[in-house]
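Structural overview
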Amino acid sequence: MNQFQRLAASSLFLLCVAPFVAAEDLPKESDYYAITTFDAPLDETIEACGFQLLEDGRLAVCSRRGDIFAISDPFAKEVSASQFKLYARGLHEPLSLASRDGWLYAVQRPEVTRMKDTDGDGAADVFETYADGWGISSDYHEYAFGSKFDQEGNLIVTLCLTGSFSSKVPYRGWAMKITPEGETIPFCSGVRSPGGMGANLEGDIFYTDNQGPWNGTCGLKWLRPGGFMGHPGGWAWFELCEDVMGKPPTMPEDGSRLHVESKKIPELVPPAILFPYDKMGKSASGIACDTSDGKFGPFAGQLFVADQSHSTLMRVDLEKVDGLYQGAAFPFRRGFASGNVGVEMSPRGSIFVGGTNRGWGSVGRRPFAVERLDWTGKTPFEIQHMRLTDDGFELTFTEPVDADSASNSDSYKMTTYTYEYREQYGSPEVDHTTPVIQSASVSDDGKTVRIVVDGLQLGHVHELHADGVRSKSGLPLLHKEAYYTLNRFK
């Protein structure tokens with residue numbers, strides 16, 4: 001090769017690589033979303049599991065140890081121990097908070113309690129039982145999580161099974177609706193071990209359920225009124241509520257698949273999202289909807305779901321197809337200080353995150369933490385939406401893509417798998433397939449790519465890796481993986 005040929009080859013090489021960024025210059029999650037860890041009082045153990053912003057601007061946080069604290073100026077650049085003030089003490093494992101008509105409501109293990117500060121000293125002095133229409137035993141697994149109040153003033157509570165396997169006292173393994181008058185009404189059966197609750201923009205209530213019997217992996221589940229969430233362990237209590245719920249559903253076949261059984265059992269609601277075990281976490285927990293209208297970045301209306309074990313937040317983009325929710329889960333933010341449980345989106349576009357390792361352990365090494373996640377104002381290059389089409393998926397990006405890389409079908413890889421629907425604890429991935437990405441076409445504005453896929457699979461997680469895609473400015477995706485749960489074809 002002569003000097004001219006070497007120069008030409010070198011110039012061609014530079015032209016090819018110019019749009020792409022060196023590995024050492026790649027952005028990090030913290031460039032886009034910053035974590036502020038609050039300094040809690042040294043003599044308190046605040047295993048934060050639930051939050052509620054109060055009318056006076058303070059942030060109420062409940063600890064599973066039985067305490068509620070009110071934090072002044074929770075949006076400050078730094079939050080010190082002096083900003084924590086005890087609001088209530090002596091509750092029985094409160095895991096969720098809500099507010100209505102000047103009262104703060106705590107969902108604790110035996111009841112929903114409402115409380116109020118009537119003398120203005122910053123601590124509650126009036127406590128009332130609002131609802132207690134379920135049983136408790138001495139088993140420590142009998143968690144109770146609550147939603148926020150809906151527009152009609154109803155509250156939904158999910159009740160963990162006894163020992164997370166069976167139901168020894170009434171309505172363990174159920175979701176219950178609490179009316180504005182405090183009446184407790186059965187709402188859904190089939191709950192196993194909830195980790196958190198939240199509503200989407202439409203007001204539909206979701207909860208996270210954790211891997212175990214009849215749950216091959218952790219999932220995000222829609223509490224469709226009257227629905228069966230998948231675990232038959234609490235069915236004995238149908239005898240108390242046939243006037244409301246009717247008779248128990250057909251018993252699912254052990255070792256089958258959820259999409260197969262849902263065709264035979266009308267009440268069975270398959271998970272909207274299956275979180276691949278260990279790839280996306282091991283203990284799905286709190287749920288927050290981005291209601292900030294853009295103050296939290298380019299994910300308005302999406303759900304953010306915590307994982308206790310991995311100390312992460314995941315991002316969920318849902319759609320409704322043929323009457324069922326389904327959609328994609330994405331990694332979002334690592335690096336939290338403890339095992340995330342409670343999450344709360346504020347109107348200002350901050351997410352409050354509370355954690356505990358509770359002896360279970362977590363990637364975050366602290367035994368407990370209270371933190372806040374804020375958008376820095378920079379937009380990450382991400383898959384914003386992953387939506388099903390009749391022949392594949394439509395991917396929308398937060399920034400325009402490099403057309404050459406995004407239109408190359410080799411930039412994408414996909415596998416699918418599902419889980420056994422069985423009484424045995426958990427399940428490995430099963431029924432693997434390898435769909436073929438036949439083509440990828442980029443929209444005129446560069447923000448949407450339509451991939452045609454041969455081999456979509458009903459009831460499967462579709463694990464997409466888009467390692468080859470670059471933005472127009474040469475950046476790779478901040479998170480290259482997406483996991484789409486397909487419950488219904490279009």
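Cut-offs applied
- Residues numbered from 1 in each chain as written.
- Predicted model: local features only at pLDDT ≥ 70, side-chain atom pairs only at ≥ 80, totals over all residues.
- Heavy atoms only, no water.
- Salt bridge = Lys/Arg side-chain N within 4 Å of Asp/Glu carboxyl O.
- Helix = DSSP H or I, 4+ residues; strand = E, 2+ residues; numbered from the N terminus.
- Buried < 20%, exposed > 50% of the residue type's maximum accessible area, 1.4 Å probe, protein only.
- Pairing = 2+ DSSP bridges.
- 1 Å grid on protein atoms, 1.4 Å probe; cavity = no way out; pocket = protein on both sides within 12 Å on 5 of 7 lines; lining within 4 Å.
- Points joined across faces, edges and corners; volume = space filled by probe spheres on them.
- Nonpolar A, V, L, I, M, F, W, Y, C, P; charged D, E, K, R; others polar.
- pLDDT = per-residue confidence, 0-100.
- Contact = heavy atoms within 4.5 Å.
- Axes fitted to C-alpha atoms, helices over the stretch in contact; angles between N-to-C directions.
- Disulfide = S-S within 2.5 Å.

A look at the pattern of salt bridges
Following the criterion strictly, the structure yields 28 salt bridges and no others. Across the pair Glu29 and Arg333 runs a salt bridge whose closest N-O atoms are separated by 3.9 Å. A residue pair is termed long-range when its members are at least 10 positions apart, and Glu29 in the loop between helix H1 (3–17) and strand S1 (33–37) and Arg333 in strand S21 (residues 324–333) qualify at 304 residues. Residue classification places Glu29 among the buried positions, given a relative accessible area of 8%. Residues Lys282 and Asp278 are paired through a salt bridge, measuring 3.9 Å at the closest nitrogen-oxygen approach. Note on Lys282: relative accessible area 33%, which makes it partly exposed. One salt-bridge network, held together by shared partners, links Glu29, Arg333 and Arg334.

Focus on the sheet that holds strand S15 (residues 205–209)
If you trace the 4 strands from one edge of the open sheet to the other, you get S14-S15-S16-S17, paired in antiparallel fashion. Where the open sheet ends on each side, the last strands, each with one partner, are strand S14 (194–199) and strand S17 (273–274).

Focus: the layout of surface pockets
In this model, the largest pocket occupies a volume close to 870 Å³. Lining the largest pocket are 39 residues, with Ser147, Lys148, Gly198, Ala199 and Glu344 positioned closest to its centre. Taken together, the elements giving at least two residues each to the lining of the largest pocket come down to strand S2 (48–53), strand S6 (96–100), strand S10 (144–146), S14, strand S18 (284–289) and strand S22 (340–345). Its residues placed into classes, the lining of the largest pocket shows 19 nonpolar, 15 polar and 5 charged. By volume, the second largest pocket is sized at about 530 Å³. If you go around the second largest pocket, you meet 29 residues; those closest to its centre are Tyr143, Ser193, Asn210, Ser283 and Trp360. For the lining of the second largest pocket, the elements supplying multiple residues, two or more each, are S14 and S18.

Topic: the confidence of the model for the protein
Mean pLDDT over the protein stands at 95; residues scoring 70 or higher make up 96%. Every residue in residues 1–18 scores below 50 in pLDDT, and together they form 1 contact with partners more than four places removed in sequence or on other chains.

Some words on the sheet that holds strand S13 (residues 184–189)
A sheet is described by the order of its strands in space; here 4 strands give the open sequence S10-S11-S12-S13, paired in antiparallel fashion. Strands at the two margins of the open sheet, each flanked by one partner only, are S10 and S13. The mean inter-strand angle of the sheet, taken between neighbouring strand axes irrespective of direction, is 25°. Two strands pair when backbone bridges link them, and strand S12 (residues 174–178) and S13 are joined in this way by 5 bridges, in the antiparallel orientation. Bridged to Trp174 within S13 is Ser189.

Remarks on the state of the cysteines
A disulfide bridge is the covalent bond that connects two cysteines by way of their sulfur atoms. Scanning the model with the defined rule gives 0 disulfides in all. Here Cys49 stays free of any disulfide, with the sulfur of Cys62 as its closest cysteine sulfur at 6.3 Å. The exposure class assigned to Cys49 is buried, which follows from its relative accessible area of 7%.

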